[in-house]
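If you want the building blocks of each chain, they are given just below.
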Amino acid sequence: MLPGGKTTKTSRFKPIQNPKRISLNSSASPSTRLPSSPSKAPIQENQENVLKIPLDPSSSAITIANNEDLLTNILLKLPAKSLLCFRCVSRQWRTIISDPEFRRRHIRSIRCCPTSDFLFFSPYIKPNEIDLLSLSGDGLDSVGNLSSPLRRSLEGRIIRLQACNGLLCIQFMVNYIRRDLIVYNPTTSDHRTIPWPKEGNHSPPIVRYTSIAFDPLRSDYYKLLDVSFDRGLRFFIYSSESGVWRGGGAAVAGTFDSDYCFDKGVFWNGDVHFMGTEFCTLCFDVENECLRPSMPRIPIRMEVMGKWDIKYFGETGGNLYAIYLNRINTAVLSDVFELKRDYSQWVVKYRFDFSHLVTYYPEMKSCGCCTPCFIADEEGKNARIVISLKGKFILYDINRVFVKELVEVGPVCSNVDDWGNSKWYRWYEAYQHVGTFASV
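Rules and cut-offs
- Residues numbered from 1 in each chain as written.
- Predicted model: local features only at pLDDT ≥ 70, side-chain atom pairs only at ≥ 80, totals over all residues.
- Heavy atoms only, no water.
- Helix = DSSP H or I, 4+ residues; strand = E, 2+ residues; numbered from the N terminus.
- Buried < 20%, exposed > 50% of the residue type's maximum accessible area, 1.4 Å probe, protein only.
- Contact = heavy atoms within 4.5 Å.
- Pairing = 2+ DSSP bridges.
- Axes fitted to C-alpha atoms, helices over the stretch in contact; angles between N-to-C directions.
- Left-handed = near helix turned anticlockwise from the far one by under 90°.
- Nonpolar A, V, L, I, M, F, W, Y, C, P; charged D, E, K, R; others polar.

1. Some details on the overall build of the protein
In step 1: The number of helices and strands found in the protein is 7 helices and 29 strands.
In step 2: For the protein, buried positions account for 52% of its 440 residues.
In step 3: Put simply, 54% of the contacts in the protein that link residues at least 6 apart link residues at least 24 apart.

Given below as structure tokens:
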């Protein structure tokens, strides 16, 4: 089901009936949270801001209906997809939910909450669709398809996808010489075609990656970062406020000591980050429209062959994380690194062992696994990983040390050859998502 209650095509994800929940707790915990900075004192709740509603249901409804400020505060707590349905409750509700100031406040309020919704897309997998996986508590909430509404008004095949705080940036290949750049809000089903930046005789060039940067806490507008490889590595910035592209500087091809994964830009701390194959990241300052001069390397003692050796790279809970296999030990260990907000260094936040899972999922030994999603709160006290096995997703809770099955994946057709399985999803094929009323 699409946000807003619209019917969609069937997702390639199928919920597992009676999913297994396996406790892995033992005297030797398979996951360890490493020492970090001293935790902050618990936040004391301000009792003056607590909504006090009478216990009698009838009097509660009357109290809420007669107090528009109270009703507005309650509606601000609800997800956008529910609010689209609730517009039909009454004229009062429709007026409140349709008010531009309410939508602006809602956009900013949801940004403060961690998301457990994820989009999955791979250009190599058929059918050419964007699938939704929504988690709730310890397991699965729902699955869906987000791309089918676009098919009614757009032609072509999706070849690239980026997402940021509820807005999607999609490249459609209409034919061999035409590509369309679309910004899409799947919650409201609104989309907008963005003209490509004019760059010599190529618009767009053969190789082009576009990331989206949207922070509703700072602005109602979004920006696009376009990376092209026509006559060297070049950056262009598009602002939805001005509607124009600006040059963001150029870099001569071959000047970098690492290959970067430009097909998955991560927006964090006001910058767009790209992971490299040599334990380093490339950081583009969106506000000042320039590359940051230097970034710290991730302290790993192993050789990375390509982006397939990176297990995860993304933002969650307001922090930027990277996950790598730790191959210096005999056990199948993985390290979770966190980048300090001042960009001074990467530190190990967690270290966990996947080898104990082989007992329950022996295919991990022969086929391996991927970790496309990592979910953590701001303090890092509750961390979970979605593990992609062959034909199945499972959820691994790092702190409470248990595994729960989520969905079956497939069947699908794939153009992927030797390097991957069509039923696996990797970190650069998964994107955080949240429902939003943001304008495109």
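Read on for the rest.
2. Examining the pairing of strand S27 (residues 402-409)
In step 1: Within S27, 6 of the 8 residues are buried, which leaves it mostly tucked inside the rest of the structure.
In step 2: Pairing of strand S1 (residues 13-15) with S27, which is carried by 3 bridges, proceeds in the antiparallel orientation. Bridge pairing links Lys 14 to Glu 408 in S27.
In step 3: Direction of pairing for strand S2 (residues 21-23) relative to S27: antiparallel, over a ladder of 3 bridges. Bridge pairing in S27 links Ile 22 to Val 403.
In step 4: Connecting the antiparallel pair strand S26 (residues 392-397) and S27 is a turn made up of 4 residues, with Val 401 showing a positive phi of about 55°.

3. As for the packing of helix H2 (residues 68-75) against helix H4 (residues 91-98)
In step 1: At a closest axis distance of 11 Å, the pairing of H2 and H4 adopts a crossing angle of 65°. Between H2 and H4 lies a crossing whose hand is right-handed. Residue-level inspection shows Glu 68, Leu 71, Thr 72 and Leu 75 of H2 in contact with H4, the latter providing Gln 92, Trp 93, Ile 96 and Ile 97.
In step 2: When its residues are assigned to classes, the contact of H2 with H4 shows 5 nonpolar, 2 polar and 1 charged.

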